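# Overview (structure and organization)
Residues per chain, in single letters:
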Amino acid sequence: MGALFRQNGVPDHYYVLDGSLGAGECYGIERADGGWIVFYSERGRKNVLDRAPTEDAACRLLIGYINESMQHRFGRTIAVPG
């Protein structure tokens with residue numbers, strides 16, 4: 001997923017893939033409660049945006065949130081894998 005984001009010009013500070021809070025305001029993904037959560041990190045806390053049963057489903061949700069933010073800020077989205 002990191003490679004996909006880098007190839008599409010998503011700034012590194014936009015996301016975390018290790019469940020950490022990141023450097024500030026960013027989207028993230030982590031395994032939790034037998035499934036996965038997609039969250040937005042801000043002010044030192046995680047705000048859960050969505051839950052998914054599988055890593056694949058969570059990754060697709062994360063891509064959606066990143067795309068929405070990229071569209072709003074930069075007027076473009078990333079190429080979504082098929």
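What this report covers is the structure whose coordinates are included nearby. (Residues numbered from 1 in each chain as written. Predicted model: local features only at pLDDT ≥ 70, side-chain atom pairs only at ≥ 80, totals over all residues. Heavy atoms only, no water.)

### Remarks on the pattern of salt bridges
- One pass over the full model with this rule turns up three salt bridges.
- The shortest N-O distance in the salt bridge between Asp33 and Arg51 comes to 4.0 Å. One end of the pair, Asp33, is in the loop between strand E2 (26-32) and strand E3 (35-42); the other, Arg51, is in strand E4 (residues 45-52), and 18 residues separate them in sequence.
- A relative accessible area of 55% places Arg51 in the exposed class.
- Taking the shortest distance from any N to any O, the salt bridge between Arg60 and Asp56 comes out at 3.2 Å. Remark: Asp56 and Arg60 occur in helix H2 (residues 55-74); sequence separation between them is four residues, near one turn of the helix.
- For Arg60, a relative accessible area of 42% translates into the label partly exposed.
- When its relative accessible area of 48% is taken as the criterion, Asp56 is described as partly exposed. (Salt bridge = Lys/Arg side-chain N within 4 Å of Asp/Glu carboxyl O. Helix = DSSP H or I, 4+ residues; strand = E, 2+ residues; numbered from the N terminus. Buried < 20%, exposed > 50% of the residue type's maximum accessible area, 1.4 Å probe, protein only.)

### Thoughts on the state of the cysteines
- According to the stated counting rule, one finds zero disulfides in the structure shown.
- The structure places no disulfide on Cys26, whose sulfur is separated from the nearest cysteine sulfur, that of Cys59, by 15 Å.
- You can call Cys59 buried: its relative accessible area is 18%. (Disulfide = S-S within 2.5 Å.)

Function-wise, these values are silent; they only describe arrangement.
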